[in-house]
Amino acid sequence: MSYLGAAFNEKRTPQSQPIPNTNQVPNSAGGFSFPVDDWIRLHRFLILGSEGGSYYAAERTLTAENTEAVQRCLAADGERVVREIVAVSSAGRAPKNDPAIFALALAASLGNDATRRDALGALPLVCRTGTHLFHFAQFVDGMRGWGRGLRAAIGRWYSEKPVKEVAYQAVKYGQRDGWSHRDMLRLAHPKPDSDARRILYHWITQGWERIGDAPHDQKDLQIVWAMEKAKLPGTTAKTVAELVRTYELPREAVPSGLLGERIVWESLLERMPLTALLRNLATLTRVGVMESRTWQNHIAVQLTDAKRLKAARVHPIAVLAALKTYVQGHGERGKHTWNPVAKIVDALDAAFYASFGNVESTSKRWVLALDVSGSMGGGTVGGIIGLSPRVASAAMAMITAATETNVETVAFQTSLQRLSISPRQRLDDIVKTISDLPFGGTDCAQPMLWAMGNNVEADAFVVYTDSETWHGKIHPAQALRQYREKTGIAARLIVVGMVANQFTIADPDDAGMLDVVGFDTATPQVIADFAKG
Ligand code: CA
C-alpha cells in the first residue's frame, strides 16, 4: 500500500516530484524547487551577477534569463526597480557594480517615460566613476537611441561635479570599452559655467595644450598639467613622486616605466584609495615598500578601519580576492612573485569581517550548512578566478559564525559531515578546507534530517546553496516542518542564494522561511534579524 501513500503526500514528497498543491517547478538538476519571484531574482542578479555563468547555465543564458526577469520587474513597477538598483549600488552592497549599471541601462531604455526619467536621474548615483559611465554608455548604446534625455543626463554627470573632480576623473579613467570622456562630451555638449570648466572640456575634446614649465594658473586644472609633466621623456622617479604628492596624481597617471620604483609607490600611498590599496598590495611588497614597519602599520591600520572600508565601498569579496592572491605569493599567471608579509595577511583577514559592518549577535542556536555538491563548484562569485559559490559560501558563513556563540557548521551533499572550521582560523585555511572536500549529488534536506537524527537543537538553519536539489526522499521544507513537530522548536530556515538562478528550497507560503542573497553586505544582519523573529 505504501506506493499509494507516497503518490500524494504533502508531508513527505521525494525531491524528484513536486510537493502537491504548491507551485514548485523542475530545477536544472532533475528535482523540484520553489521558484523565486522576479524581485528576488533581480536582487540576486544585482548582487551576484551572471559573469562566468553557473554549473548548469552558460554566462549568456544566465544573463538572458536575468534580463527577462528585470524586464518583467520594469513592467510591474519601474520606479521600484530603479530604487533597488540605487540601494544596492550606492551602498556598495555588491561585489561588482556592472549588474547595477546594466539594469540601470535597461530601465533607461525599456521602462515607461517615468521610469526612463528616474533611471537617468539616478545615473550619477550608480555610475560614480568614469569607467562606470563608459560601461553605461556601452550597454545603453545597444538598447536605445541617443535621444535628448540621455544626452542631457550624461551632460549633468559632468556639469554637476566640481571642476576639480572632473579633472581627476579625466586623469584617472581615460577610456574603457571603446568609450572615452571625449565621446561623452561630444555627445552631451554640456555648457561650461566657468573658465576652468571651459578649458577642461576643451582639453578633453581637443587634446591638452602644450605643457608649459609652470603649472596652470587654474588650480583645479593643475592635476592635468602634472600628469602631462610626468609623461615627459626622461622624468625621474623623484620628480614623479613630487608631482604625485603635490598634485594628488593617481596611479593611473604614473608612466608605466616608473611603476617599479619604491619612492613613487610611497608617494602614492599617502592618499591611495582603499580599493586601489587592496589591488596593489603585492606590488607594494615586491617593490620594497613593506620593508618599512612604518608603512606596514600605515597599511594595516587603513585596511582594518571599518569606517573607511564602508566609505570606500570596499566589498568583502574584493578583500577575499586580495587575501587569496596575496598569501599565495605569486600572480594568477605566475609572472611576479613576492614574500607575503604576515601583518598584512592578518589585516586582510580582519578587513574581511570588518567590511560587513557590525552585525549584532543573537542568543539563538544555529546550524550553518554549506552545500558542497558538484554544482556549487561551477561558475565564479564576482567573476573571481578560483572563487566558486562553494568556496565563497564558507567565507559567508564565517560572518555569522564570528558573531554568534552557539554555532554548528556542517557541509552536505547527499550525506552530511560536521566541519571543524571557525573564524579563529585564517580565511585562506578555511577556503582550502572547503576546496578539499569531495563533491557529490545534492540533498538540501540533509541539515534538518541530521539535526533530527542527532538531537541537535537549532533555532535557525542557514543553508548556503543554489537550491538545485534532487536526491532526497523528502523536500527540505517538509524536513524542516518535521523537525519543528518532533522538537517543538519553531525553527526557521534561511536560504542564502549563491547563484543568480530562479530556484529556492524555501517555501514562500511558510513565514518561517526566508530567501536572502549571498554576498550582499546587508545579508548577515538580515539573517540575524530574521532568526530573532
Ligand atoms: Ca548541486
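Cut-offs used in this document
Residues numbered from 1 in each chain as written. Predicted model: local features only at pLDDT ≥ 70, side-chain atom pairs only at ≥ 80, totals over all residues. Heavy atoms only, no water. Helix = DSSP H or I, 4+ residues; strand = E, 2+ residues; numbered from the N terminus. Donors = N, O, S within 2.8 Å, 3.2 Å for Na, K, Ca; no water. Buried < 20%, exposed > 50% of the residue type's maximum accessible area, 1.4 Å probe, protein only. Pairing = 2+ DSSP bridges. Axes fitted to C-alpha atoms, helices over the stretch in contact; angles between N-to-C directions. Contact = heavy atoms within 4.5 Å. Salt bridge = Lys/Arg side-chain N within 4 Å of Asp/Glu carboxyl O. Right-handed = clockwise from strand over helix to strand, strands pointing away. Phe/Tyr/Trp six-rings, centres within 6.5 Å; stacked < 30°, edge-to-face > 60°. Core = buried A, V, L, I, M, F, W, Y, C linked by side-chain atoms within 4.5 Å. Domains from an automatic or database assignment. Expected span 1.5 Å × (residues − 1). Buried area = accessible area lost by both parts, 1.4 Å probe. Polar contact = N/O pair within 3.5 Å; in protein donor to acceptor, adjacent residues only side chain to side chain. Nonpolar A, V, L, I, M, F, W, Y, C, P; charged D, E, K, R; others polar.

### Describing the environment of Gln206
In step 1: With respect to the helices, strands and loops of the structure, Gln206 is situated in helix H11 (residues 195-206).
In step 2: Residues Gln206 and Val407, 201 residues apart in the sequence, show an inter-C-alpha distance of 62 Å.

### Side note on the coordination of the calcium ion
In step 1: The protein atoms that coordinate the calcium ion are Ser373 (OG), Ser375 (OG) and Thr442 (OG1), at distances spanning 2.3 to 2.4 Å.
In step 2: Taken in chain order, the donor set of the calcium ion reads S-x1-S-x66-T. Pair noted here: Ser375 is in the loop between strand E5 (366-371) and helix H21 (389-403) and Thr442 is in the loop between helix H22 (427-435) and helix H23 (446-453), with a separation of 67 residues, a long-range link.
In step 3: Here Thr442 falls in the buried class, since its relative accessible area comes to 2%.

### Re the sheet that holds strand E7 (residues 416-418)
In step 1: Reading across from one edge, E7-E6-E5-E8-E9-E11 is the order of the six strands in this open sheet, with mixed pairing throughout. Edge positions in the sheet fall to E7 and strand E11 (513-517), since each of these pairs with one other strand and no more. In this sheet, neighbouring strand axes are inclined to one another by 25° on average, regardless of whether the strands run parallel or antiparallel.
In step 2: Strand direction decides the pairing type here: strand E6 (residues 407-412) and E7, joined by three bridges, are antiparallel. Among the inter-strand pairings, Phe412 is bridged to a residue of E7, identified as Leu416.
In step 3: Packing of helix H24 (residues 476-487) onto the sheet brings it into contact with strand E8 (460-465), strand E9 (492-497) and E11, and relative to E11 it is tilted by some 130°.
In step 4: Along the sheet, helix H25 (residues 523-532) makes contact with E5, E8, E9 and E11, crossing E11 at roughly 170°.

### Describing the pairing of E8
In step 1: Of all six residues that make up E8, six are buried, and the element is covered over most of its length.
In step 2: Neither face of E8 is exposed, since Ala460, Val462 and Tyr464 on one face and Phe461, Val463 and Thr465 on the opposite face are all buried.
In step 3: For E5 and E8, the ladder comprises five bridges, and the chain directions are parallel. When the bridges of E8 are listed, Trp366 appears paired with Ala460.

### Concerning the pattern of salt bridges
In step 1: Enumeration according to the criterion identifies 25 salt bridges in this entry.
In step 2: For Arg116, the salt bridge is made with Asp113, and the minimal N-O distance between the two is 3.1 Å. On the criterion of helical spacing, the pair formed by Arg116 and Asp113 is a turn pair, its members being three residues apart in helix H5 (residues 113-121).
In step 3: For Arg116, a relative accessible area of 29% gives the class partly exposed.
In step 4: Residue Arg365 is joined to Asp459 by a salt bridge in which the shortest nitrogen-to-oxygen separation is 2.9 Å. One end of the pair, Arg365, is in the loop between helix H20 (342-354) and E5; the other, Asp459, is in the loop between H23 and E8, and 94 residues separate them in sequence.
In step 5: Given the relative accessible area of 23%, Arg365 is considered partly exposed.
In step 6: A single network of salt bridges, built from pairs that share partners, joins Arg481, Arg484, Asp507 and Asp510.

### Topic: the pairing of E5
In step 1: By the criterion of burial, E5 is predominantly enclosed, with six of the six residues buried.
In step 2: Of the pairings in the sheet, the one linking E5 to E6 comprises six bridges and is parallel in character. Counterpart to Leu368 in the pairing with E6 is Thr409.
In step 3: Taken together, E5, H21 and E6 form a β-α-β motif whose crossover is right-handed.

### Quick word on the packing of aromatic side chains
In step 1: Scanning the entire structure with this criterion turns up 11 aromatic pairs.
In step 2: Look at Phe102 and Phe139: their rings are 5.3 Å apart centre to centre, the planes differ by 85°, and that puts the pair in the edge-to-face class. Taken as a pair, Phe102 in helix H4 (residues 98-110) and Phe139 in helix H7 (residues 130-141) lie far apart in primary sequence, 37 residues in all.
In step 3: Under the relative-accessibility criterion, Phe102 is labelled buried at 15%.
In step 4: Here Phe356 and Phe519 contribute two aromatic rings whose centre-to-centre distance is 6.5 Å and whose plane-to-plane angle is 35°, an arrangement assigned as tilted.

### Re the nonpolar core
One recurring pattern in soluble globular proteins is that nonpolar side chains are buried together.
In step 1: Ranked by size, the top nonpolar core spans 152 residues in total, and within it Phe136, Leu249, Leu281, Leu303, Leu348, Phe352 and Phe519 carry the most contacts.
In step 2: Each of two domains, domain 1 (2-35 + 360-531) and domain 2 (272-355), supplies a minimum of three residues to this core.
In step 3: Setting aside chain neighbours within four positions, we find Phe519 in contact with Ile47, Arg93, Pro95, His315, Ile317, Phe352, Phe356, Val381, Ala392, Ala395, Met396 and Met498.

### Section: H21
The α-helix winds at 3.6 residues per turn, so residues separated by three or four positions along the chain end up facing the same way.
In step 1: In a regular helix each residue adds 1.5 Å, so 15 residues correspond to 21 Å; H21 covers 22 Å between its end C-alpha atoms and thus fits that length.
In step 2: In terms of burial, H21 is largely enclosed, as 14 of its 15 residues are buried.

### Section: the sheet that holds strand E2 (residues 32-35)
In step 1: With antiparallel pairing, the three strands of this open sheet are ordered in space as E1-E2-E10. Of all strands in the sheet, those bounded by a partner on one side alone are strand E1 (25-26) and strand E10 (503-504).
In step 2: With two bridges joining them, E1 and E2 adopt antiparallel strand pairing. Following the sheet pairing, Val25 is matched in E2 by Ser33.

### Details of unusual backbone geometry
In step 1: Positioned with a positive phi, His189 is a non-glycine residue whose angle comes to about 50°.
In step 2: Secondary-structure assignment places His189 in the loop between helix H10 (181-188) and H11.

### What about the domain arrangement of the protein?
In step 1: Partitioning the protein into structural domains gives domain 1 (2-35 + 360-531) and domain 2 (272-355).
In step 2: Computed over C-alpha atoms only, the centres of domain 1 and domain 2 are separated by 32 Å.
In step 3: Residue-level contacts link 17 residues of domain 1 with 14 residues of domain 2.
In step 4: At the boundary of domain 1 with domain 2, total buried surface from both sides reaches about 1,400 Å², with 77% on carbon and sulfur atoms.
In step 5: It is Arg426, Leu427 and Phe519 that lose the most area in domain 1 upon contact with domain 2, and together they represent 36% of the buried surface on that side.
In step 6: Here domain 1 is connected to domain 2 by zero salt bridges.
In step 7: Where domain 1 touches domain 2, the interface holds two residue pairs in polar contact (both at pLDDT 80 or more).
In step 8: Those elements that place two or more of their residues in the side of domain 1 that touches domain 2 are H21 and H22.
In step 9: Element by element, the count of residues in the side of domain 1 that touches domain 2 is highest for H21, at four residues.
In step 10: Of the residues in the side of domain 1 that touches domain 2, the class split is 12 nonpolar, three polar and two charged.

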